[in-house]
Amino acid sequence: MRTGIYLCSCGDSLPELIDFHRLQGELSRLEDVAYVKPVAYLCAEEGKQFLENDLGQQRPDRVVIAACSPREYERAFMQVLERAGLNPYFLQMVNIREQVAWVTPDISQATSKACAQIRAAAARVSLHQALIKTELEVCRDVVVIGAGPAGLRCALALAEAGRKVVLVERSPVLGGLPVRYEEIFPNLECGPCILEPMLGDLLHGPHSANIEVLTLAEVTGLKGYYGNFHVSVQQAPRYVDGELCIGCVDCIPPCPVQVPNEYNFGLDARRAIALPFLGALPNVPFLDARACLRSSGAECSLCRDACPVDGAIRYDEPARFIERTAGAVVVATGSALMDCRGLPELGYGTVPGVYTSLEFERILASNGPTGGELKRPGGPSPRSIAIIHCAGSLDERRQPYCSGICCDYAFKFNQLVEKKLPGTTILHLYKELVFPGKEEFSIYQRARRNPHASFIRYAPGRLAVSASGGAAAVQYEDPAGNRGREVVDMVVLCPAITRTEDGGGLARILGAPTDRFGFFQELHGRMDPVQSRVKGIYLAGSCQRPMDIQNAVVQGMSAAGYVLSGLADGRKLEIEPITAQVDDNRCSGCRVCGAVCPYQAIGFQPERGQASINALLCHGCGTCAAGCPAGAIQGSHFTSEQILAEIEAVLA
Amino acid sequence: MIEVQTSPDSLSVPHTFEPKIVGFLCNWCSYAGADKAGAAQLSYPPHVRIVRLMCSGRVDPHFVLQAYRDGADGVLILACHAGDCHYQEGNFRAAQRHRMLLRLLAQFGIEEARCRFDSVSAGEGEKFVRVVSETVAAVRALGPLKRPAIDQAIPHSPPPE
Ligand SMILES: Cc1cc2nc3c(=O)[nH]c(=O)nc-3n(C[C@H](O)[C@H](O)[C@H](O)COP(=O)(O)OP(=O)(O)OC[C@H]3O[C@@H](n4cnc5c(N)ncnc54)[C@H](O)[C@@H]3O)c2cc1C
């Protein structure tokens, strides 16, 4: 073994603080050290050129560079080694500048410390193994789950870049929550109007051939990993053939069945064959098999009889089990409202006239249960409305966070109410008010200018809604202890935004962790909010945290960017060699490693009863290596042998 | 060096005992914190010898024991602050293992002050200097580690590779 040591003098400065002569003398005597060379500026272009030439001539087996911080230059010097024909991992750097010379006033002490650190590096580097980046063929197709604004934007961007996309949407309708809104804050544009162009592109745009849209579909299984996922999708039958259906909806009126319409949150009824609401895309009715009389054996075929297209309605359509390969998966499954039945003091479900904000959106919508008339479905129009912000939010016992969008839509409601029923009294009751953003404050200002609106802060836990005749009585106490009571015709709750009901189930299927609130957990809240904890699974939209449409589409685009840069065209996937490996001869299958791995990189092989590490998912932190009670895991480039040699030599 | 500051543990006072301390630093926060101290040219005692690891979660308790065995009088494990770990939760594992280690070390008669765990962020050059200075002073006050006890207690064989 011949190790070459280079001492960078950082110009003339370091030899004034560290005795380079003594250093050279002591280090030269070490076993395996072939030479010790001072160099003026290793980091300069000439310095790197010198290093490359010198390595070529000296042909050492291993290299130690004592200079400044490896955090700055290690990668640059590794490239020099590579150019000189050496494995780049045959290098160990020592920081004799920031961690020795500049912090140790006594030159003799500084020299001793530098000597010990370089000695340790030499001992360690002699044990370094040649590591090579491996490359993997990948699939560049993508599965996007959820067709709200985030998923749509992502799917469209990927399709435009030429990627094949499978868009998996659970409901029969595309567009997510906002297609249910009449108007969108901050500028009160019509919801369907801003989404329809996107949906049009998706279904019939220039790149729509790249997108396979699966409605009434859910992901039921995920195998494999980044670059090569195998995704299982189960698609329920629609019983109406989207290719043949002409969207005339003649099939709907003859249906004799009436069930609550879940797409209007049960505020009205629909038939067994139905569109979720007028204008829903794709414009193809679906047949709800559970509600259909045929499910109880009846020979009803009224819808099919009414259909002008032969074969468009198929009662025998089977469920489809679809398998797709994808390099990456984007989760864009959105969020839900907190279940208000868990807030009994607010009267939801018990006091008449109390609605959630999503129900109220439908009441305002012209394709909703009241045809856009502002009134209780089947009841009168209100003369007064209380809008209760922060329902279940900012509450340590419920959801401690602020959902961030409720104030915005509450003030949107304010304007829509004033537009639809001028003069209606509106009471905003809030714990806190927030409206960050360049447009959002103006919605609040407009609400403030509404002469029929008042704004009252209530103290947490000091608000209750009870029945008062046919109306609702809202009792509250402000933070100063002043109490109030108002009787209103309608109450709108703005509940905390939470994860979707089956969010946990999907997280389990994907193996992607959720945070303490149940949202999908990002890799890093600031720097990597769109990557999940599992490589190759990205998060877009309000499945990651509550957010507005603008942020949701930004995240959708961002997830597409991650896919396009990570699984770039014409390039294989590189696997970093600093990863952990399991020694099969030692692994007893205790699974401690899997429990401490933050990246789901460690699987368990039931046949062999042993752990196995997926190099692609491993980030090389070494926590598993330190945790393995049998010493069966080694972290490459940070093996126990290497670290122990370094410890021994640094203390010698 | 622009200006040499005297560290809290004044270097001018002669000491009879110069402790050897191994400092395990994670690459992302505490090693960067040490770099920051250097960039600010804050001086501190030279007794801590640095071993850089990618994550404090890599600190196998065995490494700590072996450090004592190889002649260390003290060990310093520096990690990112809670919630800041580059690898999500390696620092949390390191803290858990450190608590376990202290119990074990007590059995061998090794004082707590000889094995310090702390958090230093990439920006905390001054905290790095303080932690190092305090550790050196504490270990110095304890005197050399009693070798025979540790040699008996900890088998010399390296861990199974
Ligand atoms: C009452 C209310 C009013 C609002 N008003 C506005 C407004 O005016 N302006 C504004 O900017 N924002 C508004 N928002 C916020 C807006 O709704 C969200 O920003 C937006 O819906 C987020 O889009 P998304 O794509 O992340 O999720 P979503 O719109 O929720 O879409 C998610 C999609 O994923 C599907 N899905 C869910 N789970 C699965 C699964 N397991 N498998 C397959 N598919 C699944 C869902 O069916 C849905 O189609 C409002 C929110 C509320 C609650």
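Residues numbered from 1 in each chain as written. Chains lettered and ligands numbered in written order. Predicted model: local features only at pLDDT ≥ 70, side-chain atom pairs only at ≥ 80, totals over all residues. Heavy atoms only, no water.

K.L.:
Kindly report on the overall build of chain A, identifying the contributing residues and their values.
P.N.:
If you tally the helices and strands in chain A, you get 16 helices and 36 strands. Relative to the compact-globule value of 26 Å for 652 residues, chain A shows a C-alpha radius of gyration of 32 Å, a clear excess of over 25%. For chain A, the proportion of its 652 residues judged to be buried stands at 57%. Partitioning the contacts of chain A with sequence separation of at least 6, the portion at a separation of at least 24 is 68%. Summing over all exposed atoms, chain A offers an accessible surface of approximately 27,000 Å²; the carbon and sulfur share of this is 49%. Placing the 62 positive and 71 negative side-chain charges of chain A at their respective mean positions leaves the two points 3 Å apart. (Helix = DSSP H or I, 4+ residues; strand = E, 2+ residues; numbered from the N terminus. Rg over C-alpha atoms; globule rule 2.2 N^0.38 Å. Buried < 20%, exposed > 50% of the residue type's maximum accessible area, 1.4 Å probe, protein only. Contact = heavy atoms within 4.5 Å. Areas by Shrake-Rupley, 256 points an atom, 1.4 Å probe, with all protein chains shown as cover. Lys, Arg positive; Asp, Glu negative; His and termini not counted. Charge placed at Lys NZ, Arg CZ, Asp CG, Glu CD.)

K.L.:
Outline the sheet that holds strand β24 (residues 463-468) of chain A, listing residues and values.
P.N.:
Residues and elements named next belong to chain A. With respect to topology, 3 strands assemble into an open sheet ordered β24-β25-β26, the strand pairing being antiparallel. The open sheet terminates on both sides in strands that have one partner only, identified here as β24 and β26 (483-488). Across the sheet, the axes of successive neighbouring strands diverge by a mean angle of 20°, strand direction being ignored. As judged from the 6 bridges shared by strand β25 (residues 471-477) and β26, these two strands associate in the antiparallel manner. Counted as the bridge partner of Val-474 is Glu-486 from β26. (Pairing = 2+ DSSP bridges. Axes fitted to C-alpha atoms, helices over the stretch in contact; angles between N-to-C directions.)

K.L.:
Requested: an account of the sheet that holds strand β3 (residues 74-79) of chain B, with residues and values cited.
P.N.:
The parallel open sheet is built from 4 strands, whose spatial order is β2-β1-β3-β4 (chain B). Two strands lie at the open edges of the sheet, namely β2 (48-53) and β4 (115-119) of chain B, each paired on one side alone. Each neighbouring strand pair of the sheet contributes to a mean axis angle of 20°, computed without reference to strand direction. Judged from the 6 bridges that link them, strand β1 (residues 21-26) of chain B and β2(B) form a sheet pairing that is parallel. Across the sheet, Val22(B) pairs through a bridge with Arg49(B), a residue of β2(B). Docked against the sheet, helix α16 (residues 640-651) of chain A engages β1 and β2 of chain B, running at close to 165° with respect to β2(B).

K.L.:
Explain the site of the ligand residue by residue, including any values.
P.N.:
Residue and element names in this part refer to chain A. The full set close to the ligand counts 36 residues, and Glu-169, Tyr-181, Phe-185, Lys-412 and Met-547 are the nearest of them. A distance of 2.7 Å separates an oxygen atom of the ligand from a polar side-chain atom of Tyr-181. The contact in question runs from an oxygen atom of the ligand to an N or O atom on the backbone of Asp-548, over 3.3 Å. Relative to its unbound accessible surface of 990 Å², the ligand loses 96% to contact with the protein. At the level of secondary structure, the elements contributing two or more residues to the shell around the ligand comprise α6 (149-160), β8 (183-184), β19 (335-337), α9 (357-364), α10 (406-420) and α13 (549-566). Ranked by the residues each element gives to the shell around the ligand, the list is headed by α9, at 3 residues. Partitioned by chemical class, the residues of the shell around the ligand number 20 nonpolar, 9 polar and 7 charged. (Near = heavy atom within 4 Å. Polar contact = N/O pair within 3.5 Å; in protein donor to acceptor, adjacent residues only side chain to side chain. Nonpolar A, V, L, I, M, F, W, Y, C, P; charged D, E, K, R; others polar.)

K.L.:
Any details on the nonpolar core? Residues and values, ideally.
P.N.:
Counting 52 residues, the largest nonpolar core has Ile633(A), Ile647(A), Phe24(B), Val64(B) and Tyr68(B) as its most contacted members. Among the elements that make up this core, the one with the highest residue count is α16(A) (6 residues). Look past the residues within four positions of Tyr68(B) in its chain and what remains in contact with it is Asp73(B), Gly74(B), Val75(B), Leu105(B), Ile110(B), Arg114(B), Cys115(B), Leu145(B), Arg147(B) and Ile150(B). With 44 residues, the next largest nonpolar core counts Val142(A), Ala147(A), Cys154(A) and Val530(A) among its residues. (Core = buried A, V, L, I, M, F, W, Y, C linked by side-chain atoms within 4.5 Å.)

K.L.:
Go over the packing of α16(A) against helix α2 (residues 61-69) of chain B, please, and point to the residues and values.
P.N.:
Two numbers describe how α16(A) lies on α2(B): the axes approach to 10 Å, and their chain directions differ by 25°. With respect to α2(B), the axis of α16(A) lies roughly parallel. Note that α16(A) runs across α2(B); the crossing there is right-handed. The residues of α2(B) that touch α16(A), namely those facing Ser640(A), Ile643(A), Leu644(A), Ile647(A) and Leu651(A), are His62(B), Phe63(B), Gln66(B) and Ala67(B). Taken together, the residues of the contact of α16(A) with α2(B) sort by class into 6 nonpolar, 3 polar and no charged. (Parallel < 35°, antiparallel > 145°, perpendicular 65-115°, else oblique. Left-handed = near helix turned anticlockwise from the far one by under 90°.)

K.L.:
Could you give an account of the interface of chain A and chain B, naming the residues involved and the relevant values?
P.N.:
Of the residues lining the interface, 50 residues belong to chain A; the matching set on chain B comes to 51 residues. Of all residues in chain A, the largest losses of buried area upon contact with chain B belong to Arg71(A), Gln99(A) and Leu651(A), amounting jointly to 16% of the total for that side. Our count for the chain A to chain B interface comes out at 2 salt bridges. The salt bridge partner of Asp35(B) is Arg71(A), with a shortest N-O separation of 3.9 Å. Secondary-structure elements contributing two or more residues to the side of chain A that touches chain B are α4 (70-83), α5 (107-125), α14 (592-596), α15 (623-627), β36 (633-635) and α16 of chain A. In terms of residue class, the side of chain A that touches chain B is made up of 23 nonpolar, 17 polar and 10 charged. (Buried area = accessible area lost by both parts, 1.4 Å probe. Salt bridge = Lys/Arg side-chain N within 4 Å of Asp/Glu carboxyl O.)

K.L.:
Please provide a residue-by-residue account of unusual backbone geometry, values included.
P.N.:
Residues and elements named next belong to chain A. In this structure, Pro-186 follows Phe-185 across a cis peptide bond, with omega equal to 5°. Inspection of the secondary structure puts Pro-186 in the loop between β8 and β9 (189-190). Here Leu-281 and Pro-282 are connected by a cis peptide whose omega angle stands at -5°. Inspection of the secondary structure assignment puts Pro-282 in the loop between β15 (273-274) and β16 (286-287).

K.L.:
Got a sec to walk through the environment of Cys251(A)? Specific residues and values, please.
P.N.:
Residue and element names in this part refer to chain A. Its place among the elements puts Cys-251 in the loop between β12 (228-235) and β13 (259-260). With relative accessibility at 8%, the residue Cys-251 sits in the buried group. Residues Cys-251 and Cys-292, 41 residues apart in the sequence, show an inter-C-alpha distance of 13 Å. Not counting the four nearest positions on each side in its chain, Cys-251 is found in contact with Ile-273, Pro-285, Cys-303, Ala-306 and Ile-313.

K.L.:
Give a detailed account of the pairing of β2(B), specifying residues and quantitative values.
P.N.:
Burial of β2(B) is extensive: 6 of the 6 residues sit out of reach of the surface. As a crossover connection, the stretch from β1(B) through helix α1 (residues 30-39) of chain B into β2(B) is right-handed. (Right-handed = clockwise from strand over helix to strand, strands pointing away.)

K.L.:
Describe the confidence of the model for chain B, naming the residues involved and giving the relevant values.
P.N.:
Reading predicted coordinates in detail is not appropriate for stretches of low pLDDT. With 84% of its residues at a pLDDT of 70 or more, chain B shows a mean pLDDT of 88. Taken over the whole predicted complex, pTM reads 0.86, whereas the ipTM for its chain interfaces reads 0.89. (pLDDT = per-residue confidence, 0-100.)

K.L.:
Which residues make up the state of the cysteines, and what values go with them?
P.N.:
Residue and element names in this part refer to chain A. Scanning the entire structure with this criterion turns up 1 disulfide over all chains. Disulfide pairing is shown between Cys-190 and Cys-193; the S-S distance is 2.0 Å. Across the S-S bond of Cys-190 and Cys-193 the torsion is about 85°, and the bridge reads as right-handed. Taking the relative accessible area as the measure of exposure, Cys-193 reaches 48% and is therefore partly exposed. Just so you know, Cys-10 is unpaired, no disulfide at all, and the nearest cysteine sulfur is the one on Cys-8, 5.5 Å from it. There is no disulfide at Cys-390, and the cysteine sulfur nearest it, in Cys-407, is 5.7 Å away. A relative accessible area of 8% places Cys-390 in the buried class. (Disulfide = S-S within 2.5 Å.)

K.L.:
Lay out the packing of aromatic side chains with the relevant residues and their values.
P.N.:
All names here are of chain A. According to the stated counting rule, one finds 17 aromatic pairs over all chains in the structure shown. Ring centres of Tyr-263 and Phe-286 lie 5.8 Å apart, and the angle between their planes is 75°; on these two criteria the pair is classed as edge-to-face. Here Phe-286 lies in strand β16 and Tyr-263 lies in the loop between β13 and β14 (269-270), a separation of 23 residues in the sequence. Here the aromatic rings of Tyr-444 and Phe-455 are separated by 6.0 Å at their centres, their planes lie at 85°, and the arrangement is edge-to-face. (Phe/Tyr/Trp six-rings, centres within 6.5 Å; stacked < 30°, edge-to-face > 60°.)

K.L.:
Talk me through the packing of α5(A) against α16(A); I want residue IDs and the actual numbers.
P.N.:
All names here are of chain A. At a minimum axis distance of 8 Å, the contact between α5 and α16 shows a crossing angle of 150°. Compared by their axis directions, α5 and α16 come out roughly antiparallel. α5 and α16 meet at a crossing whose hand is right-handed. Contacts from Ala-116, Gln-117, Arg-119, Ala-120, Ala-123 and Arg-124 of α5 reach α16 at Gln-642, Ile-643, Ala-645, Glu-646, Ala-649 and Val-650.

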